Amino acid sequence: MDILIRQATIIDPSSPFHFQKADIFISNGIINSIGQQLNKEADHVIDLPDLMISQGWVDVFSNFCDPGYEFKETLETGTMAAALGGYTNVFIVPNTTPVIHSKSSIEYIVQKSKSLPVSVHPIGAITKNAEGKDLSEMYDMEQSGAIAFSDGLNAVQSSGVLLKALQYIKAVNKTIIQLPDDKSINAHGLMNEGKVSTGLGLPGKPAIAEELMIARDIELVKYSGSKIHFTGISTKKGIELIKKAKNEGLHVTCSVTPYHLFYCDEDLSDYDTHLKVNPPLRTALDREALIQAVIDGTVDCIASHHAPQDLDNKVVEFEYAKNGMLGLQTAFAVVNTILQQLTPVRIVELFCTNARNIFELPINTIQENSIANLSLFSTKQDWVFEKKDNASKSANSPFFGKQLIGKPFGIINKDKLFLNE
């Protein structure tokens, strides 16, 4: 397939064409030529307003629910949502049925996703069944294609088990991904503990449940000399702990979700179950601290935490609703709407470059004869995410009908083109 892209601004510091506006001709999945007013015959010509192009974006924490929960999402619908959200690579959590905790379960994901437009990277469970007790077959999973290791939605509660895992992965040079949550501290909390939860009459989940685990895990990293990536950071103190660890030279990185930057606990006044997430939405002060951490570089990546839930698990009383919201199609637009001061280079760091460096994914520099693994987007275009635009199998998003600034146009990956109409 031949694709001609007209007058796209290239955002790629590793490219000799960085920040240049140029035509790009792609043939059979390879960038054939880059220049001005290219005269090429093509199957598809892309000429979009304010078009920017970068190396393909990476999401480090999504749930595609396959196998076991295909009524919520499948690998096919999940990758379509990712493609329309501008992602060429997605890491999927192991919290499926069965859990992705063995060589065969990794191979299932790798083989089933080969023909899909987005490169799907399974995260192997740290422990068997993601129960936090016995270590899984991490070496075998790494050999079969596990990109990293995590118990996904279940934070590893045992210090001893996590320490063993951190020591074990050094041999294969991988990273542990941890969603910090000490479940011994009010595990039944429905939202952030504070004035708002008291006013709404809902049991709270205190910020210290997150912060204690971050502090503990940093000490374990210091002891083991290994690597950890914290995802879903939601508190001011959590960010401060991570910043201090980075300044000490530890192998500690982190990501935040778009919804923790957009919403806070005050937005739960009408008991909107779409906003029931874990970690919960924190205070406005916490949200401002997260925004500042994205601006100053403390935050390495944006993680969508794409978590499809069917109607039966969302259109219920707040107490009974499951955690999570859709995220892949709106992640970029939400972040760009909140943080319009971000430069295009910083956006690409957050959505692409840093994740590729942390998890050692290939760097596909935008230059002639390179593989075309590309994300297409505009930081200026206004749009509204409507239900008819939703590619996911589920529809649990609080962003339906919201005016957003900055649109993902789609991707070019694996010699396939997917564009938002």
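Let us look at the structure shown here. (Residues numbered from 1 in each chain as written. Predicted model: local features only at pLDDT ≥ 70, side-chain atom pairs only at ≥ 80, totals over all residues. Heavy atoms only, no water.)

Looking now at the layout of surface pockets. By volume, the largest pocket is sized at about 790 Å³. Lining of the largest pocket is provided by 33 residues; of these, Leu 153, Asn 278, Gln 309, Lys 322 and Asn 323 occupy positions nearest its centre. (1 Å grid on protein atoms, 1.4 Å probe; cavity = no way out; pocket = protein on both sides within 12 Å on 5 of 7 lines; lining within 4 Å. Points joined across faces, edges and corners; volume = space filled by probe spheres on them.)

Where strand 2 (residues 21-27) meets strand 3 (residues 30-35), 5 bridges bridge the pair, whose relative direction is antiparallel. Each residue of the ladder has a partner; that of Asp 23, found in strand 3, is Gly 35. With antiparallel pairing between neighbouring strands as the criterion, strand 2 and strand 3 make up a hairpin whose turn holds 2 residues, including Asn 28 at a positive phi of roughly 55 degrees. (Pairing = 2+ DSSP bridges. Helix = DSSP H or I, 4+ residues; strand = E, 2+ residues; numbered from the N terminus.)

This part is about the nonpolar core. By size, the foremost hydrophobic cluster in this structure holds 65 residues, and its most contacted members are Ile 176, Phe 230, Ile 233, Leu 261 and Phe 351. Look past the residues within four positions of Ile 176 in its chain and what remains in contact with it is Ile 126, Phe 149, Leu 162, Ala 165, Leu 166, Ile 169, Lys 227, Ile 228 and His 229. (Core = buried A, V, L, I, M, F, W, Y, C linked by side-chain atoms within 4.5 Å. Buried < 20%, exposed > 50% of the residue type's maximum accessible area, 1.4 Å probe, protein only. Contact = heavy atoms within 4.5 Å.)

Here the focus is the pairing of strand 16 (residues 374-384). Sheet topology note: the strand 5 (residues 52-55)/strand 16 ladder contains 4 bridges and is antiparallel. Within strand 16, the residue paired with Ile 53 across the bridge is Leu 376. Pairing between strand 16 and strand 17 (residues 403-413): 8 bridges, direction antiparallel. Of the residues in strand 17, the one forming a bridge with Val 384 is Gln 403.

What follows concerns the packing of aromatic side chains. With the rule as written, the count across this model stands at 15 aromatic pairs. On the numbers, 6.4 Å between centres and 45 degrees between planes, the contact of Tyr 87 with Phe 351 is tilted. Taken together, the residues Tyr 87 in strand 7 (residues 87-92) and Phe 351 in helix 11 (residues 344-358) connect sequence positions 264 residues apart. Here Tyr 87 falls in the buried class, since its relative accessible area comes to 0%. Taken together, a centroid distance of 6.0 Å and an interplanar angle of 65 degrees make the contact between Trp 383 and Phe 385 edge-to-face. Phe 385 matches Trp 383 in its accessibility class, with the two residues each being buried. Here the guanidinium or amino end of Lys 72 rests over the ring plane of Tyr 69, the centre of that ring lying 5.4 Å away. (Phe/Tyr/Trp six-rings, centres within 6.5 Å; stacked < 30°, edge-to-face > 60°. Lys NZ or Arg CZ within 6 Å of the ring centre and 35° of its normal.)

Let us look at the side chain of Asn 364. For Asn 364, the location among the structural elements is in the loop between helix 11 and strand 16. Leaving out residues up to four positions away in the same chain, Asn 364 has contacts with Asp 12, Gln 55, Arg 356, Ile 371 and Asn 373.

Let us look at the pattern of salt bridges. This structure, assessed with the given rule, holds 14 salt bridges. Where Asp 181 meets Lys 183, a salt bridge forms, and the shortest distance between an N and an O atom there is 3.6 Å. Looking at Lys 183, the relative accessible area reads 34%, which means it is partly exposed. Connected via shared salt-bridge partners are Glu 219, Lys 222, Lys 244 and Glu 248. (Salt bridge = Lys/Arg side-chain N within 4 Å of Asp/Glu carboxyl O.)

All told, the structure shown has 4 cavities of 30 Å³ or more when counted by the stated rule. Put simply, the largest cavity is a space of about 50 Å³. Along its surface, the largest cavity is lined by Ala 81, His 306, Leu 326, Gly 327, Leu 328, Gln 329, Thr 330, Phe 385, Asn 390, Ser 392 and Ser 397. Residue composition of the lining of the largest cavity, by class: 4 nonpolar, 7 polar and no charged. (Nonpolar A, V, L, I, M, F, W, Y, C, P; charged D, E, K, R; others polar.)

Now for the side chain of Thr 235. Within the secondary structure, Thr 235 sits in the loop between strand 13 (228-231) and helix 7 (236-247). Polar side-chain contacts of Thr 235 include one of 2.9 Å to the backbone nitrogen of Gly 238. Apart from residues no more than four positions distant in its own chain, Thr 235 is found in contact with Ala 207, Glu 210, Glu 211, Arg 282, Asp 286 and Leu 290. (Polar contact = N/O pair within 3.5 Å; in protein donor to acceptor, adjacent residues only side chain to side chain.)

This brings us to the environment of Ser 14. Structurally, the position occupied by Ser 14 is in the loop between strand 1 (2-10) and strand 2. Look at Ser 14 and you get partly exposed, because its relative accessible area is 40%. Linking Ser 14 and Ile 366, residues 352 residues apart in sequence, is a C-alpha distance of 7.8 Å. Aside from chain neighbours lying at most four places away, what touches Ser 14 is Gln 55, Ile 363 and Thr 365. A polar contact of 2.7 Å, which involves the side chain of Ser 14, links it to the side chain of Asp 12. Side-chain polar atoms of Ser 14 contact the side chain of Thr 365, separated by 3.1 Å.

Looking now at helix 2 (residues 103-112). All of the buried residues along helix 2 are Ser 105, Ile 106 and Ile 109. Relative to the axis of helix 2, the buried residues are bounded by an arc of 105 degrees and lie together on one face. Facing away from the buried side of helix 2 by over 90 degrees, the exposed positions are Ser 104 and Gln 111. Looking at the packing, one finds that the buried side of helix 2 touches helix 1 (75-84), strand 7, strand 8 (119-124) and helix 3 (138-144). (Arc of directions from axis to C-beta.)

Right, let's talk about the packing of helix 6 (residues 208-224) against helix 7 for a bit. Running from amino to carboxyl end, helix 6 crosses helix 7 at an angle of 10 degrees, the nearest separation of the two axes being 9 Å. Considered as vectors, helix 6 and helix 7 are oriented roughly parallel to each other. Residue-level inspection shows Glu 211, Ile 214, Ala 215 and Ile 218 of helix 6 in contact with helix 7, the latter providing Lys 237, Gly 238, Leu 241, Ile 242 and Ala 245. Across the contact of helix 6 with helix 7, the residue classes tally to 6 nonpolar, 1 polar and 2 charged. (Axes fitted to C-alpha atoms, helices over the stretch in contact; angles between N-to-C directions. Parallel < 35°, antiparallel > 145°, perpendicular 65-115°, else oblique.)

Another aspect to go through is the environment of Ile 46. For Ile 46, the location among the structural elements is in strand 4 (residues 44-46). Along the primary structure Ile 46 and Ile 24 are separated by 22 residues, whereas in three dimensions their C-alpha atoms are 9.7 Å apart. Excluding residues that lie within four positions of it along the chain, Ile 46 makes contacts with Ile 3, Leu 4, Ile 5, Arg 6, Leu 51, Leu 376, Ile 412, Leu 417 and Leu 419.

A separate point is helix 4 (residues 159-169). Counting along an α-helix, one turn takes 3.6 residues, and residues three or four places apart therefore face a common direction. Of the residues making up helix 4, those classed as buried are Val 161, Leu 162, Leu 163, Ala 165, Leu 166 and Ile 169. Buried-residue contacts for helix 4 involve helix 3, strand 9 (148-149), strand 10 (176-178) and helix 6. In this structure Ser 158 caps helix 4, since a side-chain oxygen of it lies 3.4 Å from the backbone nitrogen of Gly 160.

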